[in-house]
Amino acid sequence: MNYTAASWGIKTQTHKKGTSKMVRNLDIKKLNIGLFIPCYIDQFYPQVGIATLELLQKIGLNVVYPMKQTCCGQPLANSGAEKEAIPVYQNFVRNFSEFDYIVSPSGSCVYHVRIHYDILEQADEVKKVRQNTYELCEFIIDVLGIDDLKIEYPHKVGIHQSCHGLRGLKLGRSSELVANPYSKVRKLLEKAKGIEIIRLNREDECCGFGGTFSVFEPEVSVKMGKDRVRDHQENDAEIITATDMSCLMHLEGIIRRQKWDIKVVHIAEILNSNNL
Amino acid sequence: MSRDDILQTVKQNVAEFKPLPKYLKDTEQQSAEKLKEIFIKYLKQVGAQFIELKSNEDIAPFIAEHFPGAFDFGKNDIWEEYSEYCPKEKLNQLETVMLEGQLGVAENGAIWLNDSDFPNRLIPFIAQQVIIKLDSDKIVSNMIEAYRKINLENAGFGVFISGPSKTADIEQSLVYGAHGPKELKVILYSREKTNSKNVR
Amino acid sequence: MTGHSEKAGQFLKDEKRADWHDQTLWIVRQKRDKAAWSVSEWEGLREYASQIKDHVLSNLDDYLIQFEEKAVENGVNVHWASNAHEFNEIILHIVKANNAVKIVKSKSMLTEECGLNPFLEKNGLEVVDTDLGERIIQFRNEPPSHIVLPAIHLKKEEIGELFHEKLHTEKGASDPKYLTAAARVHLREKFLSADIAITGVNFAVADSGTVVVCTNEGNADMGVHAAPVQIHCMGIEKIIPRAEDLAVFTRLLARSATGQPITTYTSHYRKPKAGGQMHVVIVDNGRSKSLGREKYRNSLKCIRCGACMNTCPVYRSSGGHSYSYVIPGPVGSILAPGSDINKFNDLPFASSLCGSCTNVCPVKIDIHNLLYDWRQEIVERKLLPPVKMFFLKITGKVLSQSSFYNLSGKVARWALRNFPRKMVYHRINVWGWGRELPEVPKESFKQRYRKNSQKRRVRNEQR
C-alpha cells in the first residue's frame, strides 16, 4: 500500500537534506572518508570510536581522523546558544571539507550538521560537508549498499531507536506515521548469527537524555530513562543497542545506579564483531 | 476601534500568499452494500444500536410495537406542539423521539440532520432516547462526500450525530448518556423499488 | 520561569501515580494510532489540512471580514476583542443587556486564557462549566491539566469524594457510571435554567458565517438550544475558508484527540433560534502579533486536539499543571513564550526535542523546530538565569578550540577518576542525582589514535 502523501496528489516539500544516495559500482578504495567522533565518545567511550574505525577499515575504506576536530556544536545549539556554536561549526567544516564522506557513530550529531548548520553562510565547503555527513548505519546501507556484515552475535538485543536518527535522519519509520515500516539498524542486525531482536512495548519512545535536558529537567529525564530500560528488561533484552552513545550513556548511568543487570553496547561495536 | 486595529495588524502580519490546495484524488466509489456494511460497523463502534428494516412502511408498526410512547417527528402533526417556542420543561419530558436523518457517513457512523428535521433544536439532545431512521441508499463514504452533499445555507442549525452522548472524563472510563441522549438507535431501511410490472 | 522542572520533580515523587498517569495517556496515543491507521490516506489528509491552514494564515484578514459579513447577514451579532480584558467586558455587557444571572459554558480554552470565569464571578454571576471534566476541576478550583481531558490527572475515588461533597452522591462511591449519572441530573438543571450559554469554537467557516463546535457529551447543544442567548468565542485563527474544508478537519480532529472516528456531535450554528440571540466574539489577544512572527507562525495552525500532549513523554511524566499555562505540553510550550517570553522562558526547554509531537500533529506544526527556535531567542535575549548563560559561554569556548577542548577533557577525566565519590556526586552534579557518571577511560579516543599513528609511523620508518 502506498501511503505517501504524494501518491494522493498532494504536493509536499521535497526533503533534500538527508536523502540517501547509493553510490553504485563505486571503488571504495578511492574514497576519502573522514571519521567524526563525537566529543563524549572521544572522552568517555573511545572503544566506540575504535570499533567504528576498525569496521570501516575492514570494509576496505581509507579512513582519516582529523586531529583538530572537537564537537559538532549540538550541546550549545540545543541549549539555545546557536550563535556561540558558530566557531564550533566552523571548526568542523574546516576539519572535514576535504573528504568525500564524513562518517560518524552518532545520529544526533549527523542530524545537527545536516539540518542546523544552515545558519552558517552556505559556502561550497559548508554545503559539501552538510550533504556528505552520514551516520554509520545509513552510510553502510545507503552509500555502500551493504546489509550483511557477517556478524555473529548470539544475544537478545533490544534496539533503542534514538530520536534524532529515527525521526530526523529517517533511519526508520517512526511509530506515529501511517507508513510502511522499515529500520536501517534492524536491517544490519537481522542477519547476525544467533541474534534475537526483541520486541518492545513502546518501540520508539525517547530515552530522556535530550542533551542539557538531562540536567535542566533531571527528574523527568531519569524517569524516562528508567521506563525505557524497564521496557527492555520486561521483554528479556540482555543488551540495549542504539546509534547514539548519548542515549546509552544516560541509560547506562541509570542501570548502574539501579544496579540492574542489563548492558548497553553501541551499534558500532556490534557491527564490528564480525568476520569480514 | 478593536475591529479595525485587529484587522489592520492581521493584514500587516499575514504570511506570504499560499494558495488553497486542490483536493486529493477522489475517494474510491464503493458499492451501496459495502458502504452500509462499513456504516453499521462504525455505528456499533460509537455505541449506537442498529436495526435493519426492509422498507419505510415497516417502521411505523415496528415503533408501535417496540417504542409505543415514541414521538415521531417525521410526521408534522406534533410539530406545532413542540415548536421553537415550546417551553423547555415540556421538552424535558420527552422520553423517546424519532427523527429522520438526511444522510449517513460510513467512515464514522455519523448522521446529518438540520432544522428541517425537527421543530425545536433541543429535541435531538434533550430526549432520553433518540431513534434516527435513515434510508440506506443515503450513506456516503466519508466526510468529504458528506460535505459535498449538504448545504450549510439550507438551515440555521445542522448537526452530525454519531452515537449516543458519551464521556470518558472519569479515568477514561466510557459512559454513555453524559448530557444528551443515553441511547441512540438507528433504523436503516431501503426505499421500495417500484417495478412497472408489479404495481402495488 | 514557570518552575516546570521543580513541579515535575514534585509530580514524580509519587512514582506509582506518575506511572498511572503516563500509561493512561499512552493508551490514548495508541487509540489515536489505531484510528489513524484506519484511514489509508491519513498522511495525505495531514498535509492537506496543513496547507489549508497555511493558506488561511496568508489571507486571514479577508476571511475574517467575509465571516463577519455572512454572520451578520444571518442575524448574528459579531464582536471583536483586542485582548482578554476587552473580551471579558464584552461578555459582561451582553450579560447585563439581557439581565442575565446564570451562565452555562461548554469547553473553551479561550475563555480559560482570558480568565472569564473569575471575572464573571467577581461580577456576581454564576458560571457553570458543563463539560464533565471541566465541571470536576471547577469544583476543585483548579485549572485543567489537559485541553481535551481536563481531569485526566484525577482518580475516580477522588472524583467520588468530590461529588459526595458537592452533589451529595454516596460516600465512597467511585463508579464512573454512577458519578456521571449524578452529574447528568445536576447539569441538566443548570442547562434548563441558564440565561446565557457560552461555547468555544472549533472551526469558523468564512463562506457561510457558520460556527462549528464538536463535543461528545452534547453539553454545547444542551446549553445553546435551551438558553435564550448563545455566545460563541473564537480566536482569530479558527477561521477556515469553506464548508468543504470542514471535511478534512472533522476527519482528523477526533481521531487525533481520542482515537474516535468523530465526536458524537459536530454542531453547525449559523442562525439564532426563533426569539433567540446569537453572538460571536472574535478575539485577538496576541494572535495577530504571533502571526507576524514568521518563525512561530505555524503555532497558530493548532486545532487544539491534544495529540501532542498524549504522545509527549515529558508531558506524561510531569502532568499538565507543571506547565503553568492554559495550554500545556508541546504546543503550549511554543504558544506560551509568544504571550509572555519572560514568564514562560523555561517551557521550550521542557523537552528532549524527540519530535514525536511533530509527527502526530494533524496540521503538521513542526513543534520540535519551534521549540528549538524559541530556545535560540530566549538565550539571545539573555532571558536565562545568569548561571546558565555563563555555563553556555564557557562551553562555547571549550568546544571550538581543539587545544582547549583536549585539555578540558583531560582535566575532567582526571578529576572524575581521582576525586572521592562524595565530591564527584555532590548535589551540584545534577547528572548524579539519578544516574552514575560513565566510567572514565585513561585515554580519550584522540589520545589512542595519536599513539597508534605514532606507532605506525615508527614502524614504517624502521622498515
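Here the structure is shown first, and the text comes after it.
Fair warning: this is a prediction, and the values are worked out from it, not measured in the lab.

S.K.: I'd like to hear about the overall build of chain B, residue by residue, with values.
M.R.: Scanning chain B for helices and strands turns up six helices and 11 strands. A globule of 200 residues ought to have a C-alpha radius of gyration of about 16 Å, yet chain B, at 21 Å, is considerably larger. Taken over the C-alpha atoms alone, chain B extends approximately 65 × 45 × 40 Å along its principal axes. For chain B, long-range pairs separated by at least 24 residues make up 76% of all intrachain contacts whose partners lie at least 6 apart in sequence. Total accessible area computed for chain B in this model is approximately 9,800 Å², and 47% of it derives from carbon and sulfur atoms.

S.K.: How would you sum up the packing of helix α19 (residues 386-400) of chain C against helix α20 (residues 402-418) of chain C? Please name residues and give values.
M.R.: Residues and elements named next belong to chain C. Two elements in contact, α19 and α20, have axes whose closest approach is 5 Å; the angle formed by their N-to-C orientations is 105 degrees. As summarised for this structure, α19 and α20 are arranged roughly perpendicular, according to the angle between their axes. Touching K397, V398, L399 and S400 of α19 are S402, F404, Y405 and S408, all from α20.

S.K.: How would you explain unusual backbone geometry if you had to name every residue and give the values?
M.R.: Residue and element names in this part refer to chain C. Phi at H168 is positive, roughly 60 degrees, even though this residue is not glycine. Within the secondary structure, H168 sits in the loop between α9 (156-167) and α10 (176-193). The phi dihedral of L353 is positive, around 60 degrees, even though this residue is not glycine. Tracing the chain through its elements places L353 in the loop between α16 (329-339) and α17 (356-360). A residue is classified by how much of its surface remains accessible, and L353, at 7% relative accessible area, is buried.

S.K.: A description of the packing of helix α11 (residues 218-234) of chain A against helix α12 (residues 245-258) of chain A should follow, citing residues and the corresponding values.
M.R.: Residue and element names in this part refer to chain A. α12 packs onto α11 with a crossing angle of 80 degrees between their chain directions and a minimal axis gap of 9 Å. Judged by the inter-axis angle, α11 sits roughly perpendicular to α12. Every residue of α12 that contacts α11 at S221, V222, G225, K226, R228 and V229 is listed here: H250, L251, I254, I255 and Q258. By residue class, the composition of the contact of α11 with α12 is five nonpolar, four polar and two charged.

S.K.: Describe the sheet that holds strand β7 (residues 229-235) of chain C, with residues and values.
M.R.: Residue and element names in this part refer to chain C. With respect to topology, six strands assemble into an open sheet ordered β1-β10-β7-β4-β2-β3, the strand pairing being parallel. Each end of this open sheet is capped by a strand with a single partner; those strands are β1 (77-81) and β3 (126-129). Going from strand to strand, the sheet's axes swing by 20 degrees on average, the running direction of each strand aside. On the sheet, helix α11 (residues 219-226) packs against β2 (102-105), β4 (196-199) and β7 and is oriented at approximately 145 degrees with respect to β4.

S.K.: If you had to explain the sheet that holds strand β5 (residues 156-159) of chain A to someone new, which residues and values would you point to?
M.R.: Backbone-to-backbone hydrogen bonds join strands into a sheet, with any given pair of strands oriented parallel or antiparallel. Residue and element names in this part refer to chain A. One open sheet accounts for four strands, arranged β6-β5-β7-β8; its pairing is parallel. The open sheet has two edge strands with one neighbour each: β6 (196-197) and β8 (263-266). For β5 and strand β7 (residues 239-242), the ladder comprises three bridges, and the chain directions are parallel. Bridge pairing links G158 to I240 in β7. Of the strands in this sheet, β7 and β8 touch α12, which is tilted by about 165 degrees from β8.

S.K.: A description of the pairing of strand β3 (residues 101-104) of chain A should follow, citing residues and the corresponding values.
M.R.: Residues and elements named next belong to chain A. On β3, burial covers both faces: Y101 and V103 on one face and I102 and S104 on the other are all buried. Sheet topology places strand β1 (residues 32-35) next to β3; three bridges connect them, and they run parallel. Bridging across to β3, L35 finds its partner in V103. Relative to strand β4 (residues 133-135), β3 runs parallel, the two being bridged by three bridges. Across the sheet, the residue bridging to I102 is T133, located in β4.

S.K.: Could you give an account of the interface of chain C and chain B, naming the residues involved and the relevant values?
M.R.: Chain C puts 95 residues into the contact, and the matching count from chain B is 66 residues. Summed over both partners, the interface of chain C with chain B buries about 6,700 Å², with 61% contributed by carbon and sulfur atoms. Among the residues chain C hides against chain B, the three largest losses belong to R184(C), Y265(C) and H268(C). Together they make up 10% of the total. The interface formed by chain C and chain B holds four salt bridges in total. The shortest N-O distance in the salt bridge between R251(C) and E107(B) comes to 2.8 Å. Each residue belonging to the side of chain C that touches chain B can be placed in one class, and the counts come to 42 nonpolar, 26 polar and 27 charged. Across five bridges, the pairing between strand β8 (residues 157-161) of chain B and strand β9 (residues 265-269) of chain C is antiparallel. Bridge pairing links I161(B) to Y265(C) in β9(C).

S.K.: Got a sec to walk through the side chain of S97(A)? Specific residues and values, please.
M.R.: All names here are of chain A. Structurally, the position occupied by S97 is in the loop between α4 (82-96) and β3. Residue S97 is classed as buried on the basis of its relative accessible area, which comes to 18%. For S97, the residues in contact, after removing those within four places along its chain, are E125, K128 and V129.

S.K.: I'd like to hear about a nonpolar patch on the surface, residue by residue, with values.
M.R.: Residues and elements named next belong to chain C. On the surface, a cluster of nonpolar side chains totalling about 330 Å² of accessible area is made up of W414, F419 and M423. Relative to the assigned elements, M423 resides in helix α21 (residues 421-424). Exposure remark for M423: the relative accessible area of 48% places this residue in the partly exposed category.

S.K.: Explain helix α3 (residues 42-57) of chain C residue by residue, including any values.
M.R.: One turn of the α-helix equals 3.6 residues, which is why residues spaced by three or four share an orientation. Over its 16 residues, α3(C) extends 23 Å from the first C-alpha to the last, a length consistent with the 22 Å expected when each residue adds 1.5 Å. With respect to burial, α3(C) is a largely interior element, 16 of its 16 residues being buried.

S.K.: So what's going on with the pattern of salt bridges? Residues and values would help.
M.R.: Evaluated as defined, the whole model comprises 54 salt bridges over all chains. Here R167(A) makes a salt bridge to D204(A), at a shortest N to O gap of 3.5 Å. Within this pair, whereas R167(A) is found in helix α8 (residues 163-168), its partner D204(A) is found in the loop between β6 and α10 (213-216), the two being separated by 37 residues in sequence. Each member of the pair, R167(A) as well as D204(A), carries the same accessibility label: buried. Note that E205(A) and R316(C) form a salt bridge whose closest N and O atoms lie 2.6 Å from each other. Pair noted here: E205(A) is in the loop between β6 and α10 and R316(C) is in helix α15 (residues 313-318), and the two residues belong to different chains. In terms of burial, E205(A) and R316(C) fall into one category: buried. Here the salt bridges share partners, and the residues they tie into one network are R167(A), E176(A), D204(A), R29(C), R32(C) and D33(C).

S.K.: I'd like to hear about the packing of aromatic side chains, residue by residue, with values.
M.R.: Counted by the stated rule, this structure contains 29 aromatic pairs over all chains. With centroids separated by 6.4 Å and ring planes inclined at 55 degrees, the aromatic side chains of F62(B) and F67(B) adopt a geometry described as tilted. Each member of the aromatic cluster is reached from another via a ring pair, and the members are F36(A), Y89(A), F92(A), F96(A), F99(A) and Y117(A). Positioned above the aromatic ring of W20(C) is the side chain of K155(C), whose terminal nitrogen or guanidinium carbon lies 4.6 Å from the ring centre.

S.K.: Give me helix α8 (residues 132-140) of chain C: which residues, what numbers.
M.R.: Taken across its nine residues, α8(C) has eight buried, putting it largely inside the fold. Within α8(C) the residues assigned to the buried category are L132(C), G133(C), E134(C), R135(C), I136(C), I137(C), Q138(C) and F139(C). Those residues of α8(C) hidden inside the fold are in contact with β9 (166-167) of chain B together with α6 (109-113), α7 (116-122), β3, α9 and α10 of chain C. At the N-terminal end of α8(C), a side-chain oxygen is found 3.2 Å from the backbone nitrogen of G133(C), two or three residues along, and the residue is D131(C). N141(C), located one to two residues past α8(C), shows a positive phi value of around 60 degrees.

Rules used throughout
- Residues numbered from 1 in each chain as written.
- Chains lettered and ligands numbered in written order.
- Predicted model: local features only at pLDDT ≥ 70, side-chain atom pairs only at ≥ 80, totals over all residues.
- Heavy atoms only, no water.
- Helix = DSSP H or I, 4+ residues; strand = E, 2+ residues; numbered from the N terminus.
- Rg over C-alpha atoms; globule rule 2.2 N^0.38 Å.
- Contact = heavy atoms within 4.5 Å.
- Areas by Shrake-Rupley, 256 points an atom, 1.4 Å probe, with all protein chains shown as cover.
- Axes fitted to C-alpha atoms, helices over the stretch in contact; angles between N-to-C directions.
- Parallel < 35°, antiparallel > 145°, perpendicular 65-115°, else oblique.
- Buried < 20%, exposed > 50% of the residue type's maximum accessible area, 1.4 Å probe, protein only.
- Nonpolar A, V, L, I, M, F, W, Y, C, P; charged D, E, K, R; others polar.
- Pairing = 2+ DSSP bridges.
- Buried area = accessible area lost by both parts, 1.4 Å probe.
- Salt bridge = Lys/Arg side-chain N within 4 Å of Asp/Glu carboxyl O.
- Patch = residues over 30% accessible without salt bridge, like charges linked within 9 Å, V, L, I, M, F, W, Y side chains within 5 Å.
- Expected span 1.5 Å × (residues − 1).
- Phe/Tyr/Trp six-rings, centres within 6.5 Å; stacked < 30°, edge-to-face > 60°.
- Lys NZ or Arg CZ within 6 Å of the ring centre and 35° of its normal.
- Polar contact = N/O pair within 3.5 Å; in protein donor to acceptor, adjacent residues only side chain to side chain.

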